[in-house]
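Residue-level listing of the chains:
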Amino acid sequence: MAARVSSLVALLMYIGIPVQCLFLEPDQSLSIPDGWTFMGRLSASENVTLTFALKQQRVDILQDLVERISDPDNPLYGRYLTLEGVSSLIEPASVTQTTVQKWLQKFGIEDCQTVQTLDFLQCSMTVGTAEKLLPGSKFGRYVKGEQSIVRSPVPYEVYEELSDHIDFVGGLHRFPMERKVLSRGWGKPQPPKGTFHLGVMPSVIRKRYNLSDSDIGSASNNSQACAQFLEQYFHQHDLADFMHIFGTGFKHRSNVDRVVGPQEGPKAGLEASLDVEYIMSTGANISTWVFSNPGDDGAGCREVSKGIHTFRPSFPASSPYVTTVGGTSFKNPFLVTHEVTDYISGGGFSNVFPMPDYQVPAVMHYLKTVSKLPPNSYYNASGRAYPDVAALSDNYWVVSNQILFPWVSGTSASTPVFGGILSLINDQRLQKGLSPLGFLNPALYKLQSSENSTALFDVTVGCHLSCLDEKVEGQGFCAATRWDPVTGWGTPNFPQLLKAFLPK
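Analysis parameters
- Residues numbered from 1 in each chain as written.
- Predicted model: local features only at pLDDT ≥ 70, side-chain atom pairs only at ≥ 80, totals over all residues.
- Heavy atoms only, no water.
- Helix = DSSP H or I, 4+ residues; strand = E, 2+ residues; numbered from the N terminus.
- Contact = heavy atoms within 4.5 Å.
- Areas by Shrake-Rupley, 256 points an atom, 1.4 Å probe, with all protein chains shown as cover.
- Buried < 20%, exposed > 50% of the residue type's maximum accessible area, 1.4 Å probe, protein only.
- Axes fitted to C-alpha atoms, helices over the stretch in contact; angles between N-to-C directions.
- Parallel < 35°, antiparallel > 145°, perpendicular 65-115°, else oblique.
- Left-handed = near helix turned anticlockwise from the far one by under 90°.
- Nonpolar A, V, L, I, M, F, W, Y, C, P; charged D, E, K, R; others polar.
- Pairing = 2+ DSSP bridges.
- Phe/Tyr/Trp six-rings, centres within 6.5 Å; stacked < 30°, edge-to-face > 60°.
- Lys NZ or Arg CZ within 6 Å of the ring centre and 35° of its normal.
- Polar contact = N/O pair within 3.5 Å; in protein donor to acceptor, adjacent residues only side chain to side chain.
- Salt bridge = Lys/Arg side-chain N within 4 Å of Asp/Glu carboxyl O.

Colleague: Can you walk me through the overall build of the protein in this structure?
Modeller: Broken down by element type, the protein carries twelve helices and 24 strands. In the protein, once contacts between residues fewer than 6 apart in sequence are set aside, the share between residues at least 24 apart is 77%. For the protein, the exposed area adds up to about 22900 Å²; of that, 52% sits on carbon and sulfur atoms.

Structural data, given as structure tokens:
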């Protein structure tokens, strides 16, 4: 399947929504993931919302531009396109827009919203209409805990005349996979004395990654953002309480400046609270937005036939146009020491996206030098390999629903921390009149190709969890010297990372 520009445009500051594939491979099975309960078919009069991805134009040209704009040795480095510039490249052809609109109108579907690039349509309709529009579809309600979603996990068809105009349809097959965010105990938070601590908090993050209390944002034109999924929402008062407890040592903000999308529900989600609190305490004093969208995906193991398993890469983590963050933990959970792999860290190789040129030497080095690898049948060694970097993901303190939770763990923690550190680097670049970092990977892999780089702490101990079968017995990939598919290049050493990306 060819990559659409939705993954490319993210690095050009355009926000896209990843959705699932329309056309099923002959051997691809549709199944309901564990934990989801079928509650029954929906009546024909109930409403559903579907997303239609229209065929884009000139994606090859945009891809070439992305590679040049992201290469620090290219004259175009940092000269980003505007959203209008992206639109002029990839906007679907007039015949595509007209054909899809006539098709929808034929079924009486008029309640649709689009985006500026005109390549996505989100339409509301009755179940009866949807099942006529997509023959074979059967919509039902599925429940897992407090989550309730509508899906049609069966094969469906589209009319032949649409095949040249639609890439895929979202809202039918893919079930959100809940990330593992766990709270493992109670206690009273205390600032670390020396290297001793009772869990990860902003002061521990700053100590481990060499951020001082004066490392905060000050550029007026800088901003950062995080996203919340799975119908989880943060609460502003939780953020304020968190900063009151943990943010006394550095200048910070206690409110999110803007929320894009729904912000509902009486209860805050632990994962959403974690994301917002740690991007804003690491990327401190920087204007922050939150994007809210009901859907998510994870990583793990997939049974391709009875008793036969393969690793299941996650999206968008496996996209070659995303900087993906793995998870680590302290070797001694109560000391600020060196880090080891967190067994819940995601990682592996994409089954869809080929390995990008920027990472080929690093990945080939790993595959050739590591003594123990999973069986070849479990992964695609020629696919995009991830993660690219890592950060702590274990034993965090979080405020959610005005309750202080200790020892919360999940790879959701590592991404906002690393993101906040990049926001601080962008802040320094903007103050010097430079462009923000944008898509980091080409520059990152060039930086780390030097044997003498000290911008990241290499993590070399530990393996992550994979398929619990007789063949691999739960062991996935393992950390190694230099890049590996568990912790990437390692965890941030802020002063050196700043020095590398801030030319004199």
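Colleague: Please explain the environment of D34 as it appears in this structure.
Modeller: With respect to the helices, strands and loops of the structure, D34 is situated in the loop between α1 (5-9) and β1 (37-41). Residue classification places D34 among the exposed residues on the basis of a relative accessible area of 72%. Expressed as a C-alpha distance, the spacing of D34 and K144, which sit 110 residues apart in the sequence, is 9.2 Å.

Colleague: I'm lost on the packing of helix α8 (residues 270-282) against helix α10 (residues 414-431) in this one. Help?
Modeller: The geometry of a pair of packed helices is captured by two quantities: the angle between their axes and the separation between those axes. Packing of α8 against α10 brings their axes to within 7 Å, and their N-to-C directions diverge by 30°. In terms of their interaxial angle, α8 and α10 are classed as roughly parallel. Considering how the two elements wind past one another, α8 and α10 form a crossing that is right-handed. Together, D275, Y278, I279 and T282 of α8 and P416, V417, G420, I421 and L424 of α10 make up the contact between the two elements. Its residues placed into classes, the contact of α8 with α10 shows six nonpolar, two polar and one charged.

Colleague: How should the pairing of strand β9 (residues 223-228) be read in this particular structure?
Modeller: Consecutive side chains of a regular strand alternate in pointing toward one face of the sheet and then the other. Burial along β9 is one-sided: the face carrying Q224, C226 and Q228 is buried and the face carrying S223, A225 and A227 is not. Examined bridge by bridge, β9 and strand β11 (residues 287-292) share six bridges and lie parallel to one another. Bridge pairing in β11 links S223 to S287.

Colleague: Would you mind going over the packing of aromatic side chains with me for this structure?
Modeller: One pair of aromatic rings is described through two measures. These are the centre distance and the angle between the planes. According to the stated counting rule, one finds 15 aromatic pairs in the structure shown. A network of ring pairs unites the aromatic residues Y321, Y358, F439, Y445 and W489 as a single cluster. The cationic tip of K106 hangs over the ring face of Y159; the distance from NZ or CZ to the ring centre is 5.9 Å.

Colleague: Sorry, what's going on with the side chain of T282 here?
Modeller: For T282, the position within the fold is in helix α8. In terms of polar contacts, T282 uses its side chain to reach the backbone carbonyl oxygen of Y278, at 2.8 Å. Sequence-distant contacts of T282, defined by excluding residues within four places in its chain, comprise I205, R206, L211, V417, G420, I421 and L424.

Colleague: Sorry, what's going on with the side chain of R151 here?
Modeller: In this structure, R151 sits in strand β6 (residues 147-151). Looking at R151, the relative accessible area reads 14%, which means it is buried. Reaching out from R151, the side chain makes a polar contact with the backbone oxygen of R174 at a distance of 2.6 Å. Those residues in contact with R151 that lie beyond four places of it in its chain are K138, F139, G140, Y142, G171, L172, H173, R174, F175 and P176.

Colleague: Is there a simple way to think about the sheet that holds strand β3 (residues 112-114) in this case?
Modeller: The four strands lie next to each other as β3-β4-β2-β7, forming an open sheet whose pairing is antiparallel. With partners counted over all chains shown, the strands left at the sheet margins are β3 and β7 (166-170), one partner each. Geometrically, the sheet is characterised by an average inter-axis angle of 20° between neighbouring strands, direction not taken into account. Lying over the sheet, helix α4 (residues 94-106) contacts β2 (47-54), β3, β4 (120-126) and β7, oriented at roughly 160° with respect to β2.

Colleague: I keep staring at the pattern of salt bridges and nothing clicks. Help me out?
Modeller: Close approach of charged atoms allows side chains of opposite charge to pair. Here the structure, examined in full by the defined rule, presents nine salt bridges. We note a salt bridge from D167 to K55, for which the minimum N-O separation is 3.0 Å. Residue D167 is found in strand β7, and its partner K55 is found in the loop between β2 and α2 (59-69); the two are separated by 112 residues along the sequence. Put simply, E339 and R208 hold a salt bridge, and the shortest N to O gap is 2.6 Å. In this pair, E339 is assigned in strand β15 (residues 339-341) and R208 in helix α6 (residues 202-208), connecting sequence segments 131 residues apart. Given a relative accessible area of 13%, R208 falls into the buried group. Salt bridges linked by common partners bring D71, D73 and K446 together as one network.

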